Amino acid sequence: MSTPAPTVAALAAGLAKGEFSSLEITRAYLERCAAAQPALNAFVTMTNESALAAAAAADAARAAGRAAAITGVPIGHKDIFCTEGVRTTCGSKMLSNFVSPYDATIVAGLKSAGTVMLGKLNMDEFAMGSSNETSYFGAVRNPWNTAMVPGGSSGGSAAAVAARLVPAATATDTGGSIRQPAALCGVTGIKPTYGRCSRYGMIAFASSLDQAGLITVSAEDAALLLGPMSGFDPRDSTSVDSPVPDYTRTLNDSLEGLTLGIVKEFFDKGLDSGCEQRIRDAIKVYEKLGAKVREVSCPNLPLSVPTYYVVAPAECSSNLARFDGVRFGHRCDSPKNLTDLYCRSRGEGFGAEVKRRIMTGTYVLSAGYYDAYYLKAQRVRQLISADFARAFGECDMLVGPTSPTPAFRIGAKSDDPITMYLNDIYTIGANLAGLPAMSIPCGFVDELPVGLQIIGPHFSEARMLNAAHRYQQETDWHLRVPAAFA
Amino acid sequence: MSLTRADIENIARLARLELTEAEIPVYVDSLSRIFAFVGELDRAPTAGIVPMAHPLPGLAQRLRADEVTETDCREDFQRNAPKVEAGLYLVPKVIE
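Residues numbered from 1 in each chain as written. Chains lettered and ligands numbered in written order. Predicted model: local features only at pLDDT ≥ 70, side-chain atom pairs only at ≥ 80, totals over all residues.

## Examining the overall build of chain B
- Along the backbone of chain B there are three helices and two strands.
- Reading the secondary structure of chain B in the N-to-C direction produces α-α-α-β-β.
- Relative to the compact-globule value of 12 Å for 96 residues, chain B shows a C-alpha radius of gyration of 22 Å, a clear excess of over 25%.
- Viewed in the frame of its principal axes, chain B has a C-alpha envelope of about 55 × 50 × 25 Å.
- Per-residue burial for chain B yields a buried fraction of 17% across its 96 residues. (Helix = DSSP H or I, 4+ residues; strand = E, 2+ residues; numbered from the N terminus. Rg over C-alpha atoms; globule rule 2.2 N^0.38 Å. Buried ≥ 20, exposed ≤ 12 C-beta atoms within 10 Å, placed from the backbone.)

## Description of the overall build of chain A
- Helix and strand content of chain A: 15 helices and 11 strands.
- Here the C-alpha atoms of chain A give a radius of gyration of 21 Å, agreeing with the 23 Å that 2.2 N^0.38 yields for 486 residues.
- Each principal axis of the C-alpha distribution contributes one length, and for chain A these read about 65 × 55 × 45 Å.
- Burial analysis of chain A (486 residues in total) assigns 63% to the buried set.

## Overview of unusual backbone geometry
- Following Gly152 of chain A, the chain continues into Ser153 of chain A via a peptide bond in cis, with omega recorded as 10°.
- Tracing the backbone through its elements, the reader meets Ser153 of chain A in the loop between strand E3 (116–121) and helix H5 (155–162).
- The backbone phi angle of Arg164 of chain A is positive, close to 60°, even though this residue is not glycine.
- Here Arg164 of chain A lies in the loop between H5 and strand E4 (168–173).
- Of note in the backbone geometry, Ala86 of chain B takes a positive phi value of approximately 50° without being a glycine.
- Along the polypeptide, Ala86 of chain B turns up in the loop between strand E1 (84–85) and strand E2 (88–89).

## Considerations on helix H8 (residues 273–288) of chain A
All names here are of chain A.
- When the terminal C-alpha atoms of H8 are compared, their 23 Å separation across 16 residues agrees well with the 22 Å that a helix rising 1.5 Å per residue should span.
- Of the surrounding secondary structure, the elements contacted by the buried residues of H8 are strand E7 (259–263), strand E9 (397–401), strand E10 (437–445), strand E11 (448–455) and helix H15 (461–474).
- Backbone geometry just after H8 places Gly290 at a positive phi near 105°. (Expected span 1.5 Å × (residues − 1). Contact = placed C-beta atoms within 7 Å.)

## Quick notes on the nonpolar core
- In terms of nonpolar packing, the biggest core is built from 168 residues, with Val161, Ile215, Leu225 and Ile454 of chain A touching the most fellow members.
- Here Leu225 of chain A is in contact with Val8, Ile70, Leu110, Ala168, Leu214 and Thr216 of chain A, once residues within four sequence places are set aside. (Core = buried A, V, L, I, M, F, W, Y, C linked by C-beta atoms within 7 Å.)

## As for the interface of chain B and chain A
- Across the boundary between the two partners, chain B contributes 39 residues, which contact 55 residues of chain A.
- Counting only elements with at least two residues in the side of chain B that touches chain A, the list comes to helix H1 (5–14), helix H2 (23–38) and helix H3 (74–78) of chain B.
- Here the side of chain B that touches chain A takes seven residues from H2 of chain B, the largest share from any one element.
- Counted by class, the side of chain B that touches chain A contains 27 nonpolar, four polar and eight charged residues. (Nonpolar A, V, L, I, M, F, W, Y, C, P; charged D, E, K, R; others polar.)

## Concerning the packing of helix H2 (residues 22–40) of chain A against helix H3 (residues 48–63) of chain A
All names here are of chain A.
- In the contact formed by H2 and H3, the axes pass within 8 Å of each other and the chain directions differ by 155°. With respect to their mutual orientation, H2 and H3 come out roughly antiparallel. Once H2 is placed against H3, the crossing between them reads as right-handed. Contact residues: Ser22, Leu23, Thr26 and Leu30 in H2; Asn48, Ala51, Leu52, Ala55, Ala56, Ala58 and Asp59 in H3.
- When its residues are assigned to classes, the contact of H2 with H3 shows seven nonpolar, three polar and one charged. (Axes fitted to C-alpha atoms, helices over the stretch in contact; angles between N-to-C directions. Parallel < 35°, antiparallel > 145°, perpendicular 65-115°, else oblique. Left-handed = near helix turned anticlockwise from the far one by under 90°.)

Below, the structure is given as structure tokens:
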């Protein structure tokens, strides 16, 4: 069955004109989700009943003249976000029976804006992965070729949007988990500035890097949904108290005079030549739109992956200490004593990659190693951050590849953690520096999508969305749908 | 850098993770490779560089007033607990 409309913007317009009701489109999307589940495994939990109730409520609000721009638009939530009364698993056996007693702040924000939740989307366990193969609920498949990974950790969100099972989905990005799957699935992804969207109710992985964002068909859709997700939240101690602009207002601004920086180090080695060509083509489109292009250098950026694999596991090992088999989550059978309860509950409840990261983090924080690893990494992080600050003195935003290759085969990299970690070589820098970044579709290599990454200065989301939107007015890569789901 | 079986057993103990016999050699291998990889950081000139403590420049952790703002949610929270009795979380006997 076909989608009622291709984008959030088109759905919002159709709802406003009364061309269809939220109940009608919600039913249509729920049917698409159910039909595609065996092929893609994009969802962990469907919430049909509450979705239909929310859609009916949205229609009633509209009839009463109380509709906002996106009232009645269905969306999916990554299963890392707590949703009141709904199972929230984080892709883990540890939380396979956890029913959240509250909503994450961004879930509540999108709910009060009138969106309708269709279900909870699959993901790498605790967001640790770049292929969506580490989920306790099974791998997600790429809609462009189901033998391929969708990327990760927000693989369910990206696959679902690419196959048009949902018009848009929430996602999170700690080292590229929004942008890399968006690139591999041919959809639009935005990771806002650190602190822009509240982390309250978003299950923590690495708290100084984690940020909530969106995977959508278009930049315009992201602009419509980002507002209700953003803003100060006293419940998140790193939430930033600064005004949220109307991201839709500046989408059509001219790019005349915009200076794009091409990061030399992103093109040094390891980038697939087909992907490089697509990126260079995209840069030409920007030049046609009036942007100036100059090369910039971020010499410490090649150290971002090793820096990340000290900082992120360290924070993960601290954050995941809360899973103790006592207050919530998996508990082992007949524990002999308290230590046995902790060790077996955690040993059984966590998957292989999560245990690897906890142990990496435990080691780098342990006595005698803290200075050599953790403090050293936080110093290099400062250097990487300074590289970006210097680059933004010479240009308005950076453009380059999101991922070194298009989607790879399921199983191809799962035996070697380092090879898997290097998928995020272009995305991790923005997390280390807290910068906003996007990935937008910019073509295909071997019938698989390629993503263009845009990285901006802190709180430049409006300008980035504007740049992405103008590109999407000139190209139609973002509107391509995999044949099997057209 | 190469880790030993004893290193992995010690890290797992610190992390309160029980590993199976089959998992130990896998982690000996992969953690050794990870630490060899992050060893690249040694090359970075970081003398005099202050470790980054907040991802946004100039911002520090916000403090809040020491006031009670939360309501009692014990019943809601304990619905997810593996074992409770009379509002208390049950664990194996700690003191013999």
